[in-house]
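# Notes for the structure review
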Amino acid sequence: MDSLRTTLTGGTACDVCGRLPHPRRLRLTFAKLVAVAPVELALHAVVLAAHPPYLVSVAVLATVTTALVIWVVEPSAMRLLRPWLHAPKARPRQEAGTLWRIRVTLDDRAGSLENLTHRLAELDANILGLHVHPVDDGVRDELVVSTPDGVTAPDLEAAVEAGGGRSTHVWPTTALALVDGQTQALSLSARVVADPAELPHAVAELLGAQLVTDRATLSGQLAGDILKVPSPWTGLFAFHRPGEPFTPAESARAHRLAELAEAALTLAPACGH
């Protein structure tokens, strides 16, 4: 159905209602002029060459011109010019950008973040979100930035390291990364209260991590990349985020969700009675 609509309308119809954009007045006037002018000129030339009486000339011109324009010429011209006539208004071209998430460790001292943002500004990177997590050797900053299309992950890594960052990790992200962290945590908490079995999935979504189900894989991972969260059913859940250690703040959030799931399980039997 969509392909048929596109074929009939020249690809300009609205995807929702299927209607063509209303033609602009200037284009509509020009299209009618293009349709009518050749017919008028041709008929006037024929009538003037034949030299009929004045009233006959007027009657012939009015009748023939009206019939041809209304029934033949104008409809044909409207169909021929439809893609141009109903084309949407041209909009200024906007420069597309790319969203990136950056995790970097900085020294916990004044000016560290300023140096970093100065280096990112040199790439025309716009910081859209920032979260700061205290760690043992400084602060772990998580940024969401928008950059022009030509900027790559290595470009960002080089800029961050030139700004004093270390243990840098950069990867593409989407607008979902801009969701307010507190709102996301509350939404996931509500999911866990409604269904405690959602706990491992909620923690994985909250931290952007993977649930580890293979114990052999778990034993072979580096300790810093693994987060263990108490489980009301199996003793613990383990989560893995390759190349990105969990911060103390993230660990605390995951453990609070586990406590919430356990409390919900405890209250469920009491509510049943």
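Residues numbered from 1 in each chain as written. Predicted model: local features only at pLDDT ≥ 70, side-chain atom pairs only at ≥ 80, totals over all residues. Heavy atoms only, no water.

## Brief notes about the overall build of the chain
Each helix and strand counted, the chain has 10 helices and seven strands in total. The buried share of the chain, reckoned over its 273 residues, is 31%. Taking the intrachain contacts of the chain between residues at least 6 apart in sequence as the baseline, contacts between residues at least 24 apart amount to 66%. (Helix = DSSP H or I, 4+ residues; strand = E, 2+ residues; numbered from the N terminus. Buried < 20%, exposed > 50% of the residue type's maximum accessible area, 1.4 Å probe, protein only. Contact = heavy atoms within 4.5 Å.)

## Quick look at the sheet that holds strand S6 (residues 226–231)
Pairing is antiparallel in the open sheet, where three strands are placed in the order S5-S7-S6. Edge positions in the open sheet fall to strand S5 (210–212) and S6, since each of these has one partner strand only. Mean inter-strand twist for the sheet, computed between neighbouring axes without regard to direction, equals 35°. Pairing geometry for S6 and strand S7 (residues 235–240), over six bridges, is antiparallel. Pairing of Ile226 across the sheet is with His240, part of S7. The sheet strands contacting helix H8 (residues 199–207) are S5, S6 and S7, and the helix crosses S7 at an angle near 30°. (Pairing = 2+ DSSP bridges. Axes fitted to C-alpha atoms, helices over the stretch in contact; angles between N-to-C directions.)

## Some remarks on the nonpolar core
In terms of nonpolar packing, the biggest core is built from 18 residues, with Leu199, Val203, Leu207, Phe239 and Leu257 touching the most fellow members. Considering each element in turn, this core owes the most residues, six residues, to H8. Residues within four places of Val203 in sequence aside, it is in contact with Phe239, Ala254 and Leu257. One finds Leu116, Leu120, Ala125 and Val151 within the second-largest nonpolar core, a separate group that totals 15 residues. (Core = buried A, V, L, I, M, F, W, Y, C linked by side-chain atoms within 4.5 Å.)

## Observations concerning the pairing of S7
Here three bridges tie S5 to S7, and the two strands are oriented antiparallel to one another. The residue bridging Leu211 from the neighbouring strand is Phe239, located in S7.

## With respect to the pairing of strand S3 (residues 138–148)
Burial runs high along S3: nine of the 11 residues are buried. The pairing of strand S2 (residues 126–135) with S3 spans nine bridges and is classified as antiparallel. Paired with Pro134 across the bridge in S3 is Val139. Between S2 and S3, which follow one another and run antiparallel, lie two residues.

## Observations regarding the environment of Thr66
Here Thr66 is to be found in helix H3 (residues 54–80). Residue class for Thr66 comes out partly exposed when judged on its relative accessible area of 42%. In this structure the C-alpha to C-alpha distance between Thr66 and Val39, which are 27 residues apart in sequence, comes to 9.9 Å.

## Some details on unusual backbone geometry
When glycine is set aside, most residues are seen to have a negative phi, and most peptide bonds are trans. In the Ramachandran plot, Asp124 falls in the positive-phi region, its phi being about 60° despite a non-glycine side chain. Inspection of the secondary structure puts Asp124 in the loop between helix H5 (112–121) and S2. A positive phi angle is found at Ser167, which is not glycine, with a value near 50°. Summarising the element assignment, Ser167 is placed in strand S4 (residues 166–172). Its relative accessible area of 52% is what places Ser167 among the exposed residues.

By themselves these figures say nothing about function.
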